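Inside the fold
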Amino acid sequence: MSLKSPRVFQLAVAGAGLIGRRHIELIEANPRTQLCAVVDPTPASRDFAAGLGVAHFESLDALFAQVGNKPDGVILATPNHLHVPGALACAQHGVPAIIEKPVTDTLSAGRQLVATLEKSGVPMLVGHHRRHSSTLQLARRAIQSGQLGRVVTVMGSAQFYKPDSYFEQGAWRKEAGGGPILINLIHEMDNLRYLCGEIESVHAIASNAVRHFAVEDSAVMTLKFASGAIGTFTLSDTVAAPRSWEQTSGENTAYPRYPAEDCYFIAGTQGSIAVPTLRTWSYAKDGREPGWWTPFVEQALPLEAVDPLAAQLEHFCNLIEGKAEPIITVSDALQSLLTVEAVRQSIATGKTVALQDLA
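Description of the structure in this document. (Residues numbered from 1 in each chain as written. Predicted model: local features only at pLDDT ≥ 70, side-chain atom pairs only at ≥ 80, totals over all residues. Heavy atoms only, no water.)

**Things to note about the overall build of the protein chain**
Looking only at helices and strands, the protein chain has twelve helices and 16 strands in total. Dimensions of the protein chain, computed from C-alpha atoms along their principal axes, come out at roughly 70 × 65 × 40 Å. Split into buried and exposed, the 359 residues of the protein chain put 49% on the buried side. Counting every atom, the protein chain has about 17,500 Å² of accessible surface; 54% of that belongs to carbon and sulfur. Here the protein chain contributes 29 positive and 35 negative side-chain charges, whose respective centroids are spaced 4 Å apart. (Helix = DSSP H or I, 4+ residues; strand = E, 2+ residues; numbered from the N terminus. Buried < 20%, exposed > 50% of the residue type's maximum accessible area, 1.4 Å probe, protein only. Areas by Shrake-Rupley, 256 points an atom, 1.4 Å probe, with all protein chains shown as cover. Lys, Arg positive; Asp, Glu negative; His and termini not counted. Charge placed at Lys NZ, Arg CZ, Asp CG, Glu CD.)

Right, dumping it as structure tokens:
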């Protein structure tokens with residue numbers, strides 16, 4: 001009796017930029033997947049596809065116009081404004097997709113996509129790859145298990161320094177839409193939502209006092225969670241500091257790592273946890289009254305680190321095969337985008353903004 005060979009999924013990648021090429025590397029390294037096409041209108045992408053020995057198409061319409069050779073899935077690593085048109089094309093042809101984050105550049109386009117997907121039933125996964133981080137997942141389990149008791153306060157940080165060359169290479173980064181709120185904050189808000197639940201309202205202030213660009217370089221916000229927890233978040237791309245996910249988690253080797261530092265601290269009535277070091281503090285159950293005179297039991301949760309982008313690809317294969325539901329749907333990702341929009345509106349108005357007023 002012969003054993004059935006495992007299915008190898010044929011995947012196309014739309015967008016041959018840096019993130020698209022990283023997805024291609026992962027596809028080629030995974031025995032469950034095979035690259036079947038590169039979709040990109042630039043001449044350089046045609047040579048790139050030829051070098052890989054795969055088909056090249058200038059558009060998704062051209063890809064799907066093939067007869068009898070439809071891919072099993074598509075990874076949409078295109079510019080933000082093309083995410084929804086690309087996802088709609090995939091849905092029309094019944095092809096699951098990973099949509100790179102942010103899921104879209106406008107809430108209205110995202111809502112259009114949600115409505116279409118509800119009718120089509122085609123599964124879509126949004127590429128908030130940190131959701132696949134073993135560090136975040138372990139911290140989330142600790143919080144949801146009640147290990148911290150009731151979560152009361154949350155402190156978050158994304159503080160780093162973008163060099164002058166970053167802005168010289170892309171002048172648009174000096175203009176509205178090019179600051180850390182739209183480029184970086186959505187990842188942080190998604191992380192905090194994943195760890196601590198929905199954010200109910202925000203109040204934020206911003207400054208461009210260092211670079212004097214037409215866009216912010218720093219922002220501070222207060223957050224109210226639906227659970228009743230309250231928090232603060234500090235964001236800056238102009239400080240010499242190691243308190244960001246990239247610099248503390250070690251999941252992207254392009255960044256120097258500071259393994260003793262954390263970017264999130266979550267405190268509850270029975271304990272607290274720092275992320276990503278996963279250090280925890282709690283009181284021993286030895287009969288002593290908990291309080292500030294009672295020493296903590298300090299521990300670190302055991303972690304087996306994985307590459308979240310590789311884990312995302314595995315999850316996508318299971319999604320295509322019908323063995324999993326998306327760890328983050330379009331609707332879920334839109335809520336993170338909505339949180340960022342609330343931050344922007346709070347900065348513009350000077351008022352606290354409730355997310356339900358924007359929904």
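Moving on from the model shown.
**As for the pattern of salt bridges**
Counting across every chain of the model gives 22 salt bridges. Notably, a salt bridge pairs Glu246 with Arg130, separated by 2.9 Å at the nearest N-O pair. Within this pair, whereas Glu246 is found in helix 10 (residues 245-249), its partner Arg130 is found in the loop between strand 6 (124-127) and helix 6 (134-144), the two being separated by 116 residues in sequence. In this structure, Glu246 and Arg130 share a single accessibility class: buried. Note that Arg193 and Asp332 form a salt bridge whose closest N and O atoms lie 2.6 Å from each other. Here the residue Arg193 occupies a position in helix 9 (residues 185-196), and Asp332 occupies one in helix 12 (residues 330-349), the gap between them amounting to 139 residues. According to the relative accessible area criterion, Arg193 is buried, its value standing at 6%. Several salt bridges converge on common partners, so that one network encompasses Arg131, Asp190, Arg193, Glu198 and Asp332. (Salt bridge = Lys/Arg side-chain N within 4 Å of Asp/Glu carboxyl O.)

**Some remarks on the environment of Pro295**
Its place among the elements puts Pro295 in the loop between strand 14 (279-282) and strand 15 (297-300). Among the residues examined, Pro295 registers a relative accessible area of 48% and is labelled partly exposed. Between the C-alpha atom of Pro295 and that of Ser282, which follows or precedes it by 13 residues, the distance is 8.7 Å. Setting aside residues up to four positions removed in sequence, Pro295 forms contacts with Tyr283 and Arg288. (Contact = heavy atoms within 4.5 Å.)

**Brief notes about helix 2 (residues 43-52)**
Those residues of helix 2 that fall on the buried side of the exposure criterion are Ser45, Phe48 and Ala49. For helix 2, the arc enclosing every buried residue in end-on projection is 95 degrees, short of the 170-degree limit, so these residues lie on one face. Opposite the buried face of helix 2, at more than 90 degrees from it, the exposed residues are Pro43, Asp47, Ala50 and Gly51. Close packing links the buried residues of helix 2 with helix 1 (18-29), strand 2 (33-39) and strand 3 (55-57). Trailing helix 2 by a residue or two, Gly53 shows a phi angle of about 75 degrees, which is positive. (Arc of directions from axis to C-beta.)

**A look at the packing of aromatic side chains**
Counted under the stated rule, the structure contains six aromatic pairs. For the ring pair Trp245 and Tyr264, a centre distance of 6.2 Å and an interplane angle of 20 degrees mean the geometry is stacked. Taken together, the residues Trp245 in helix 10 and Tyr264 in strand 12 (residues 264-268) connect sequence positions 19 residues apart. When sorted by exposure, Trp245 lands in the same class as Tyr264, which is buried. With a centroid separation of 4.6 Å and an interplanar angle of 25 degrees, the aromatic rings of Tyr283 and Phe296 are classed as stacked. Of this pair, Tyr283 sits in the loop between strand 14 and strand 15 while Phe296 is found in the loop between strand 14 and strand 15, placing the two residues 13 residues apart along the sequence. One aromatic cluster in this structure is built from Tyr166, Phe167 and Phe213. The residue whose ring lies beneath Arg21 is Phe48, and the NZ or CZ to ring-centre distance is 3.9 Å. The ring of Tyr161 carries Arg211 above its face, with NZ or CZ at 5.3 Å from the centroid. (Phe/Tyr/Trp six-rings, centres within 6.5 Å; stacked < 30°, edge-to-face > 60°. Lys NZ or Arg CZ within 6 Å of the ring centre and 35° of its normal.)

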